Amino acid sequence: MDFSLNDDQKALQQAAADFARVELADHAADWDARSYFPVDVIKRAGEAGFLSIYIDEGHGGLGLSRLDASLIFEQLSQGCISTTAYLTIHNMASWMIARWGSDSLREEWLPRLITGELLASYCLTEPGSGSDAANLRTKAVREGDDYVITGSKMFISGAGETDVLVVMARTGEADSGAGGISTFLVPANSDGIEYGKNEDKMGWKSQPTRLVSFGGVRVNQGNRLGEEGEGFRLAMKGLDGGRLNIASCSLGAAQQALALSRDYLQERKQFGRELASFQALQFKLADMASELTAARLMVRHAAWRLDQQDPQATAHCAMAKRVATDMGFQVCNEALQLHGGYGYIKEYPLERLVRDTRVHQILEGTNEIMRLIIARRLFEPGMIEALQ
């Protein structure tokens, strides 16, 4: 069993770290303060290949593994968590188009999504169905060769600034559950789409978040991804990777918080001694490092399972997401505490790390839903034994 990274993976890590240092790190605080969406930088991320990480090479992407993607997002998030989180969403939406779109749909949209000329949003959550996504109410009614979409989506990252919406809508009866949902590519400027205000969020301020309303939006049947009625399955397939992506952002945030804490404890003196010489603080730093390392191993193991198309990959992705996002917030919060009053002021990045990582425990499925997914799998015959 080899846990080491190969030379190609180390090169990917370094390329992502370099991009984070040059393009993200020095601007993250300003973007946060101004709630600025750095489209120009996101396009440069596309030029570097970071908008098509696991789209296969035959469709113009890098064709990398989910483990490779985790390594990249962990490094990028050390530059700016919020902007990197948007990159993960764009990757997820674009991958769904590459994976399940028709040849003509891919030819029309993918080249520009891969380069960052166009940006994408993922539209699943609704005002009345967050965790209960299978109960979504947005409808897509067939009329000839078109579908007419009516309803609304809530908390949509990038909405109002992006060009493509990957939308889950009900094509079956109102009580058809997960089996009555289909997925569509909807141009973001289509007639009948309206955008709400940019939500004033606690964190993730470098990307807009809006309500999207669909008032009889017409899209051709060729814009459907996959078959009618399998949209919920496609959405969940996208979320397996999305959960690893956001978990990887939490790893990067915790890594940054750990490094900042080490430096601060070595520089700051109290009672005539460096803070690093106090055993209680040494133990705190040791716990932070241990928890980060454990979460990182879980994320990479789950990514490997997903790459191997393991039938239990969904459960492992849920476990990794739950552990890594809880850990990320906890480590950033402990780092703020170690910095004392300095951690609470915006001159230092700790308060932003805490704000940006908090939402990771909510999105891509709340951590309570992750526990539900895990628990259901644990009652399957042989699942607990297979964890050994």
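As shown above, the structure is provided for reference.
## So, the overall build of the protein chain
Line of reasoning, step 1. The helix and strand tally for the protein chain stands at 12 helices and 10 strands.
Line of reasoning, step 2. Relative to the globule expectation of 21 Å for 388 residues, the C-alpha radius of gyration of the protein chain, 21 Å, shows essentially globular dimensions.
Line of reasoning, step 3. Considering only C-alpha atoms, the protein chain reaches an extent of 80 × 50 × 40 Å along its principal axes.
Line of reasoning, step 4. Burial status across the protein chain gives 53% buried among its 388 residues.
Line of reasoning, step 5. Long-range pairs, those at least 24 residues apart, make up 74% of the contacts in the protein chain with a sequence separation of at least 6.
Line of reasoning, step 6. Looking at the protein chain as shown, the accessible area adds up to about 17100 Å², and 50% of this sits on carbon and sulfur atoms.
Line of reasoning, step 7. For the protein chain, the separation between the mean place of its 40 positive charges and that of its 51 negative charges on side chains is 5 Å.

## What to know about helix α10 (residues 350-358)
Line of reasoning, step 1. Judged by how many residues are buried, α10 sits mostly within the fold: 8 of 9 residues are covered.
Line of reasoning, step 2. Within α10, the full set of buried residues consists of Leu350, Glu351, Arg352, Leu353, Val354, Arg355, Asp356 and Thr357.
Line of reasoning, step 3. Buried residues along α10 sit against α2 (28-34), α5 (81-100), α7 (231-267) and α9 (313-338).

## Considerations on the packing of α7 against α10
Line of reasoning, step 1. Look at α7 against α10: their axes get within 11 Å of each other, and the N-to-C directions meet at 160°. Considering the angle they form, α7 stands roughly antiparallel to α10. Like other packed secondary-structure pairs, α7 and α10 cross with a definite hand, here left-handed. Counting all contacts with α7, which are made through Ala253, Gln256, Ala257 and Leu260, the residues of α10 involved are Leu350, Leu353 and Thr357.
Line of reasoning, step 2. Partitioning the contact of α7 with α10 into residue classes produces 5 nonpolar, 2 polar and no charged.

## Re the pairing of strand β3 (residues 146-157)
Successive side chains on a regular strand alternate, one facing one side of the sheet and the next facing the other.
Line of reasoning, step 1. With 5 bridges joining them, strand β2 (residues 139-143) and β3 adopt antiparallel strand pairing. Across the sheet, Glu143 pairs through a bridge with Asp146, a residue of β3.
Line of reasoning, step 2. As judged from the 10 bridges shared by β3 and strand β7 (residues 209-220), these two strands associate in the antiparallel manner. Directly across from Gly151, in β7, lies its bridge partner Phe214.

## Thoughts on the packing of aromatic side chains
Line of reasoning, step 1. The full count for this structure, using the stated rule, is 7 aromatic pairs.
Line of reasoning, step 2. Of the aromatic side chains, those joined through ring pairs into one cluster are Tyr54, Trp95 and Trp100.
Line of reasoning, step 3. The ring of Tyr54 has Arg66 lying over it, and the distance from NZ or CZ to the ring centre is 3.7 Å.
Line of reasoning, step 4. Over the face of the ring belonging to Trp95 we find Arg66, whose NZ or CZ atom lies 4.6 Å from the ring centre.

## Regarding a nonpolar patch on the surface
Line of reasoning, step 1. On the surface, a cluster of nonpolar side chains totalling about 440 Å² of accessible area is made up of Met1, Phe3 and Leu297.
Line of reasoning, step 2. Mapped onto the fold, Leu297 is located in helix α8 (residues 279-307).
Line of reasoning, step 3. Accessibility expressed as a relative area gives 46% for Leu297, which makes it partly exposed.

## Here we look at the environment of His59
Line of reasoning, step 1. Along the chain, His59 falls in the loop between α3 (39-47) and α4 (66-76).
Line of reasoning, step 2. Along the chain, His59 and Trp95 lie 36 residues apart, while their C-alpha atoms are 9.9 Å from each other.
Line of reasoning, step 3. Among the polar contacts made by the side chain of His59, one reaches the side chain of Arg106 at a distance of 3.1 Å.

What counts, and where the lines are drawn
Residues numbered from 1 in each chain as written. Predicted model: local features only at pLDDT ≥ 70, side-chain atom pairs only at ≥ 80, totals over all residues. Heavy atoms only, no water. Helix = DSSP H or I, 4+ residues; strand = E, 2+ residues; numbered from the N terminus. Rg over C-alpha atoms; globule rule 2.2 N^0.38 Å. Buried < 20%, exposed > 50% of the residue type's maximum accessible area, 1.4 Å probe, protein only. Contact = heavy atoms within 4.5 Å. Areas by Shrake-Rupley, 256 points an atom, 1.4 Å probe, with all protein chains shown as cover. Lys, Arg positive; Asp, Glu negative; His and termini not counted. Charge placed at Lys NZ, Arg CZ, Asp CG, Glu CD. Axes fitted to C-alpha atoms, helices over the stretch in contact; angles between N-to-C directions. Parallel < 35°, antiparallel > 145°, perpendicular 65-115°, else oblique. Left-handed = near helix turned anticlockwise from the far one by under 90°. Nonpolar A, V, L, I, M, F, W, Y, C, P; charged D, E, K, R; others polar. Pairing = 2+ DSSP bridges. Phe/Tyr/Trp six-rings, centres within 6.5 Å; stacked < 30°, edge-to-face > 60°. Lys NZ or Arg CZ within 6 Å of the ring centre and 35° of its normal. Patch = residues over 30% accessible without salt bridge, like charges linked within 9 Å, V, L, I, M, F, W, Y side chains within 5 Å. Salt bridge = Lys/Arg side-chain N within 4 Å of Asp/Glu carboxyl O. Polar contact = N/O pair within 3.5 Å; in protein donor to acceptor, adjacent residues only side chain to side chain.

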